[in-house]
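Listed below, chain by chain, are the residues.
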Amino acid sequence: MFVSKMTLNQSSLFGQVDDLQDLTFIERPIRRSLKTAEEIEKLTVDEDLNDIERAVYLLSSGQDVQRASVIINLPNLVRQNPAETFRRVVPKVREVLHVAGADMQLAAAGSFLTLLQDDIVLIQTHTHSILQIVLLNLDHRDTVVSNAWLETLLSAIDALPKETIRQEILSPLVSKAQLSQSLQARLASCRILGKVACKFESPIVKKDLLPLVRSLCQDVEYEVRSCMCRQLENIARGIGLDHTKAAVLPELVELARDEGSTVRLAAFDTIINLLEMFDSDDRTRVIFPLVKTFCEKCFKADEAVLASLSFQYGKLCHGLSASFTEEQHLWFLEFYKKLCVLGLQHENGHSDNQVYPLELESKYALVRRNCAYNFPAMVLFADPNHFLTELYPTFSSLCHDPEITVRRTMAEGFHEIVKLLGPNVHFIHKELVVLLQDDSLEVLDALLSHLQETLELATSRGEGPGPESKQLIVPELVPALAAAEQKAALSLRWRVHERLLQRYACLPRVVSADQIYFRFLQRMFAIVTTNNVLPVQREAARTLCMFLRYNRKQEQRQEIIGKVLQELAQGRSYWNRLRYLDLCEIAMELFSKAYFCKHFLIQALELVNDPVANVRYKLCHMLPQLRSTIRLPADKHLLQQLEFCVRKLLCREKDKDVVATVRKTVLELDKMDITEPYHKRHERDLLDQKKEKEETLLLEMEQLERQQSEAKLTSDKHTEKKRRDSKTGLSGTKGLSGSTSGATLSTSSGKELRKAKLARSRSLSSHPTTPKMANPDKTLKVKDSGSCPGKGKNLLPMNADEALRSHHFSVAAASSVLSPTPSASSMPVLIRSNTTNTLVDHPHQHQHRSSTLDHRSTNGSKDTQSRKLSIQRKSNSFGMQSGRE
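In this numbering scheme, every chain counts its residues from 1 along its sequence in written order. Under the rules for a predicted model, residues below a pLDDT of 70 receive no local features and side-chain atom pairs below 80 are neither given nor counted, while totals for whole chains, interfaces and linings still include all residues. Excluded from the side-chain calculations are hydrogens and water; all other atoms, namely the structure's heavy atoms, are used.

Enquirer: Please clarify how the overall build of the protein should be interpreted in this entry.
Expert: If you tally the helices and strands in the protein, you get 46 helices and zero strands. Note on contacts: a residue pair is in contact if any heavy atoms of the two residues lie within 4.5 Å. A separation of at least 24 residues holds for 72% of the contacts in the protein among residues at least 6 apart in sequence. All accessible-area figures derive from a Shrake-Rupley calculation using a 1.4 Å probe, and residue coverage is judged against the displayed protein chains alone. With an accessible surface of roughly 47,900 Å², the protein has 54% of that area assigned to carbon and sulfur atoms. For helices the rule is a DSSP run of H or I covering at least 4 residues; for strands it is a run of E covering at least 2, with both sets numbered from the N terminus onward.

Enquirer: Would you take a moment to explain the side chain of T665 for this structure?
Expert: Take T665: it is sitting in helix 40 (residues 656-675). Burial here depends on accessible area, computed with a 1.4 Å probe over protein chains only, as a share of the maximum for the residue type. Under 20% is buried, over 50% is exposed, and the range in between is partly exposed. The class of T665 is buried, set by a relative accessible area of 4%. Here a polar contact is taken to be a pair of N or O atoms separated by no more than 3.5 Å, where protein atoms must pair a possible hydrogen donor with a possible acceptor and residues adjacent in sequence count only if both atoms sit in side chains. A polar atom in the side chain of T665 sits 2.7 Å from the backbone oxygen of T661. Filtering out sequence-adjacent residues up to four positions away, T665 remains in contact with C620, L623 and P624.

Enquirer: Can you help me understand the packing of helix 3 (residues 51-61) against helix 4 (residues 64-72) in this one?
Expert: Two quantities define a packed helix pair, namely the angle between the helix axes and the distance between the axes. Only the contacting stretch of a helix is used when fitting its axis, a line to C-alpha atoms as for every element, and angles between N-to-C directions run 0 to 180 degrees. At a closest axis distance of 8 Å, the pairing of helix 3 and helix 4 adopts a crossing angle of 140°. Judged by the inter-axis angle, helix 3 sits oblique to helix 4. In this structure, the crossing between helix 3 and helix 4 has a hand that is left-handed. On the side of helix 3, the interface is formed by A55, L58, L59 and S60, while helix 4 contributes Q66, R67, V70 and I71. For this classification, Asp, Glu, Lys and Arg are treated as charged, while Ala, Val, Leu, Ile, Met, Phe, Trp, Tyr, Cys and Pro are nonpolar and the rest, including Gly, are polar. Class assignment of the residues belonging to the contact of helix 3 with helix 4 gives a composition of five nonpolar, two polar and one charged. For classification purposes, an angle smaller than 35 degrees is called roughly parallel, one larger than 145 roughly antiparallel, one from 65 to 115 roughly perpendicular, and anything else oblique. In this scheme the handedness of a crossing depends on how the near helix is turned from the far one: anticlockwise by less than a right angle means left-handed, clockwise means right-handed.

Enquirer: Looking at this model, I keep getting lost on empty space enclosed by the protein. Mind explaining?
Expert: Space left empty within the atom packing is revealed by a probe, the size of a water molecule, rolled over the atoms. Note on definitions: the grid is 1 Å and covers protein atoms alone; a cavity is a set of points where a 1.4 Å probe fits but cannot get out; a pocket is an open set with protein on both sides within 12 Å along at least five of seven lines; lining residues have an atom within 4 Å of a point. Grid points are joined across faces, edges and corners, and a volume is the space filled by probe spheres set on the points. Across all of its chains, the model carries four cavities of 30 Å³ or more by this definition. Estimates place the volume of the second largest cavity at around 40 Å³. Taken together, A256, R264, A267, F268, I271, L290, V291 and F294 make up the full set of residues lining the second largest cavity. For the lining of the second largest cavity, the secondary structure elements donating two or more residues are helix 16 (261-273) and helix 17 (280-301). The element contributing the most residues to the lining of the second largest cavity is helix 16, with four residues.

Enquirer: So what exactly am I meant to see when it comes to the pattern of salt bridges here?
Expert: Pairing is possible between side chains of opposite charge, provided their charged atoms come close. Any Lys or Arg side-chain nitrogen found within 4 Å of a carboxyl oxygen on Asp or Glu counts as a salt bridge. Counted under the stated rule, the structure contains 39 salt bridges. Here R237 makes a salt bridge to E276, at a shortest N to O gap of 3.0 Å. Of this pair, R237 sits in helix 14 (residues 232-239) while E276 sits in the loop between helix 16 and helix 17, and the two are 39 residues apart along the sequence. Looking at R237, the relative accessible area reads 40%, which means it is partly exposed. Where K245 meets D282, a salt bridge forms, and the shortest distance between an N and an O atom there is 3.5 Å. Linking K245 in helix 15 (residues 241-256) with D282 in helix 17, this pair joins segments that are 37 residues apart in sequence. Judged by relative accessible area, K245 falls into the partly exposed class, the value being 41%. Using a relative accessible area of 2% as the deciding quantity, one classes D282 as buried. One continuous salt-bridge network, built from bridges that share partners, spans R538, R579, D582, E585 and K618.

Enquirer: Could you clarify how one ought to interpret the packing of aromatic side chains in this entry?
Expert: Geometrically, a pair of aromatic rings is defined through the distance of the ring centres and the angle of the planes. Ring pairs shown here join Phe, Tyr and Trp side chains whose ring centres sit within 6.5 Å, with only the six-membered ring taken for Trp; geometry is labelled stacked below 30 degrees between planes, edge-to-face above 60, and tilted in between. Under the counting rule described, the total for this entry stands at 24 aromatic pairs. Considering the side-chain rings of F375 and F395, the 5.4 Å spacing of their centres and the 40° angle between planes classify their relative orientation as tilted. Here F375, found in helix 22 (residues 375-382), pairs with F395, found in helix 24 (residues 392-399); they are 20 residues apart in sequence, far enough to count as distant. Taken as a pair, F375 and F395 share a single burial class, namely buried. Among the aromatic side chains, those forming a connected cluster through ring pairs are F288, F299, Y313, F324, W331, F332, F335, Y336 and F381. Ring-over charges, as used throughout, are those where CZ of Arg or NZ of Lys falls within 6 Å of the ring centre and within 35 degrees of the ring normal. A cation sits over an aromatic face here: R549 above Y550, 5.1 Å from the ring centre. The ring of F525 carries the charged tip of K563 above its face, separated from the ring centre by 5.0 Å.

Enquirer: Could you clarify how one ought to interpret the environment of D670 in this entry?
Expert: Position of D670 among the secondary structure elements: in helix 40. Separated by 46 residues in the primary sequence, D670 and P624 place their C-alpha atoms 9.7 Å from one another.

Enquirer: Help me understand the environment of F547 in this model?
Expert: Of note, F547 is situated in helix 34 (residues 534-549). The exposure class assigned to F547 is buried, which follows from its relative accessible area of 2%. A C-alpha to C-alpha distance of 7.7 Å links F547 and L521, two positions 26 residues apart in sequence.

Enquirer: Just to check I follow, could you spell out the packing of helix 24 against helix 25 (residues 404-412) for this structure?
Expert: The geometry of helix 24 relative to helix 25 is characterised by a closest axis approach of 8 Å and an angle of 120° between their N-to-C directions. Taken together, the axis directions place helix 24 and helix 25 in an arrangement best described as oblique. Residues F395, L398 and C399 of helix 24 lie in contact with helix 25, whose contacting residues are V406, R407 and M410. Here the residues of the contact of helix 24 with helix 25 are counted per class, giving five nonpolar, no polar and one charged.

Enquirer: In this structure, what is going on with unusual backbone geometry? I would like to understand it.
Expert: The phi angle of most residues is negative, glycine excepted, and most peptide bonds adopt the trans form. A cis geometry characterises the amide bond from L632 onward to P633, with omega recorded as 5°. As for its placement among the helices and strands, P633 is situated in the loop between helix 38 (613-628) and helix 39 (636-652). At D383, a position not held by glycine, the phi torsion is positive, near 80°. Inspection of the secondary structure assignment puts D383 in the loop between helix 22 and helix 23 (387-390).

Enquirer: Just to check I follow, could you spell out the environment of R706 for this structure?
Expert: Mapped onto the fold, R706 is located in helix 41 (residues 678-745). Between the alpha carbons of R706 and K553 there is a distance of 9.4 Å; along the sequence they are 153 residues apart. Beyond its immediate chain neighbours, meaning those up to four positions away, R706 contacts Q554 and E555.

Remember that the coordinates give geometry; whether it matters functionally is a separate question.
Okay, here's the thing in structure tokens:
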């Protein structure tokens, strides 16, 4: 066994030796390919020759590489010495091109195009000599070379004057367009005709070019007819609206009925591009029947043309929509619906037994993808108000299409559909969730391009038929967004994950703060602390700061900040502490200076004692930014802390990179207040004031909403208690009314009288009364003192409600007095929209209004209580009299 192993090892070793020997044989031709002395002698040029003589010498006796270099350098030679270049060099170039290869021909085409476009040639004779060379090489046997020269000519036509084009190009064009010429020459003639048509006036085009156009439209080769058909658009624009109907439209109608599918497709595309040049009568009588026949024929027998038809369908419908009858409008809409399900239900009549099923299926998928591309245009064509009845089934089918490319195209245009639907956007909420939960990451990536716009429109306009429609989408949308993030995180495409987190920064404007707090916030912390991709971590930190910035609950904000400090600033991993510094950079952009200094700055400065040099190194780079957030003289203690950190780094730092960075940072800190222009500092201060104003406004809105919710909760509790008390009092009232009716009528039986007396005695025993009720002033005094004789339970809810209102006014006034913001006058616009009983005004006016309201509420409660006590007194006295009787 050991011998067999040795044998195997020896054989592998010998195999490697043989491979090395093969490599030596490969190297031998390389050594022999070095230039010999004779070849070097041929490549050597006399240094005393000038540029023109050297070019002539190399073109005459040089090698192909040298000739190509001369041709490439031809524009520079013309700039330096145009007369000598055209007299001696250009004729040599013309001789060389007769036998030159494809590479030299392509180089010459590029050089001559530069000469014609850059206005280097200023003499007509020179232009003539260049155009002669270009036209001569149009008939090159190599198709690639001839096409290169044709593109050179077409590009040069834009820069040439009319007379030059008429003399140098149109004159030989008549002969090249004849049937006796080659197919390549006739195809080139078609493109040249289309290019020069826009350079001349309508009479010249009609007289000189139109006969050639008609001849080429009737050519025996379908390639020529198709090429000329695609140039009819330029011809029509050249002859104008008046002659298009008589000269171009008959040719288009004839070509649309051609036997070749490519010719029919070219005619169809040209008709769509020229729709605005036809009047309503032509669209109704000529274009519509022609297009209808073309669509039906392609749908039944020519799947290859359907791809182009479906791509142009939206433009076709909009071009003809103004001339459509109701029946024609419906026909085009129904045909579009058939195209959208082509290949899914075999709408074109083919059986399941196809010869090339995969190829045919790819064609059908391309048609459906083009339909998805045109869907926003078809929504506009069908009227967004009729979307639910006309296009929603088709829309749902395209969003659930088995092909990924179709669903991705729908996701790319989803924001356009949302814009068009407007108030009816709630119809497509379900499909939005479906695309977010799609199995393919490509679909999600396509949806991300305009996700922020889509979400904002989908939620802000989601009223629909009822006011609860906007609330119904959020429970479905939030899990879909969370699942999309999880799917992107599990994939290897971290850029998609980064883009998704960037788009999630708009969620505070889409979903509630509680949903963000419970569904997304913890996930952002997990990404920042555990993800392995740095751009994804930083984007998650930015999104986390956006969530914190627009959170309107103080408890949640404090908890988020505490968690940031605990898990990042004080984290065990230095990687997390670096992420805290990244988060500080983001926070300086989003928050005001006061907010940053209050919650983030001190913890950032404490990292000067971090045991890892990378953290201290990053902190040193951030010191100028941190210094810019300190406002003097209010934050003088923070400036002292920052200077203490710098001194500590200068004295105790041992890492050489950190020391070098600290020294540079000290110089930057010294220059900060001197080198910065005043206008930049002023703009930054204004922006910071705006941020601080928004933060203060959020705090006050939160406080007012909390007061409002507490007042509403208390009011609901008192209302419920009052309702229960009213039910209890209702039974007592029934007893009293029963005793009164029994005493008055005296027709009831003795048993009923005893029951009434028993009920009266129970009701009176449950509500003790004072024996002396004759003096109403004393009753009011007792009421003012706080004790409640008589029916105290019935009066308690009214007193509590009045006291709550007066307390609410006093709290609002106190909050406005103690508010630290100086911009209270600009805030009532938002505050008044959220509160009804709270007034934001001057503090002294608050106190005056509060005392006035308290006085009024006290007087009103006294009047109400006096009326109730008088009624109670009468009912009690009447009840005692009836009892004695």
